[in-house]
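# Understanding the architecture of this molecule
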Amino acid sequence: MQPSIPAVFGRNFCSLPVDLPIRACYNGRRLAPNLTIEETPVPNPRKPLRLNVGFLVSAAAGYHRDFDFYLPKLADEEDETLTLLEVQGRVRISRTPQGLLVEGAFEGEIQLECVRCLSDYPQHLHWEFTELYAFTRDNITDSGLLVPEDAHIDLQPLVRDFGLLEIPIKPLCRADCKGLCPECGQNLNLRDCGHRAAFDSPFSALKDLF
Ligand SMILES: [Zn+2]
Ligand SMILES: [Zn+2]
């Protein structure tokens, strides 16, 4: 269902909630067709994080817009083991004098192998990032991002790369993972093979005293 577009009179339309599609008018007359601030564009299924930010480039400094995303799968083209799953989050893009400031907060999952018990498990990840897409090279940051001429930015590399940075160096299926029995290889989270007690701890001999 298409929401009706509210006509906004006077000069105070910037104070309206930004998630409304806004048609700028003055005293009941539309000023110009190019003053229409467009609704969030429908995402391209092949590039679901690609956005047309032209309306933000032409907005006044201080204007911002939030974009919500849910992606069942965010694959890495080079390495399939780095596929992020159930990715969801929000990106706020703010127009600044220097460029578009992109602030993201995401969460998702990745399948990892536990370093102790060697079983696969889903690791929950949470990540945030802030990057500036500069308008000109004078304002470019270390990340080297510029607003392209066609005003389409693809946030996928940013979202994915910052997510992958959150992968723990020593993945554990759970904090108290018991690991594998060094004697028979049994996953001790699933079953106690009985071998472990003999060399479990330097104090294990103490239990014979009780
Ligand atoms: Zn484990
Ligand atoms: Zn064992």
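You'll find the structure just up there.
Rules used throughout
Residues numbered from 1 in each chain as written. Chains lettered and ligands numbered in written order. Predicted model: local features only at pLDDT ≥ 70, side-chain atom pairs only at ≥ 80, totals over all residues. Pairing = 2+ DSSP bridges. Helix = DSSP H or I, 4+ residues; strand = E, 2+ residues; numbered from the N terminus. Axes fitted to C-alpha atoms, helices over the stretch in contact; angles between N-to-C directions. Contact = placed C-beta atoms within 7 Å. Buried ≥ 20, exposed ≤ 12 C-beta atoms within 10 Å, placed from the backbone. Core = buried A, V, L, I, M, F, W, Y, C linked by C-beta atoms within 7 Å.

### What about the sheet that holds strand β6 (residues 84-95)?
The 4 strands lie next to each other as β5-β6-β7-β8, forming an open sheet whose pairing is antiparallel. Looking at strand neighbours, the two that pair on one side only are β5 (64-74) and β8 (120-134), the edges of this open sheet. Neighbour-to-neighbour, the strand axes of this sheet turn through a mean angle of 15 degrees, independent of strand direction. Relative to the sheet, helix α2 (residues 156-164) contacts β5, β6, β7 (99-113) and β8, its axis offset from that of β8 by approximately 130 degrees.

### Overview of α2
When α2 is considered as a whole, its buried residues turn out to be L158, V159, R160 and G163. Where α2 is buried, its residues meet β5, β6, β7 and β8.

### Side note on the environment of A134
On the secondary structure map, A134 appears in strand β8. With 19 C-beta atoms counted inside 10 Å, the residue A134 sits in the partly exposed group. Separated by 11 residues in sequence, A134 and L145 have C-alpha atoms that sit 6.3 Å apart. Excluding anything up to four places from it in sequence, A134 contacts Q98, G99, N139, I140, T141, L145, L146 and V147.

### Re unusual backbone geometry
Even without a glycine there, the phi angle at E86 is positive, about 50 degrees. Within the secondary structure, E86 is located in strand β6. Within the chain, A151 stands out as a residue other than glycine whose phi angle is a positive 60 degrees. Along the chain, the position of A151 falls in the loop between β8 and β9 (152-154).

### A look at the pairing of β6
Pairing geometry for β5 and β6, over 10 bridges, is antiparallel. Across the sheet, F69 pairs through a bridge with G89, a residue of β6. Both β6 and β7 contribute to a ladder of 10 bridges, which runs antiparallel. Following the sheet pairing, I93 is matched in β7 by V102. Between the antiparallel neighbours β6 and β7 lie 3 residues.

### Quick notes on the nonpolar core
Nonpolar side chains in soluble globular proteins tend to be buried together. V53, I93, L100, V102, L155 and V159 are the most contacted members of the largest nonpolar core, which totals 21 residues. Elements with a minimum of two residues in this core: β5, β6, β7, β8 and α2. Setting aside residues no more than four positions away along its own chain, V159 makes contact with L49, L74, G104 and F106.

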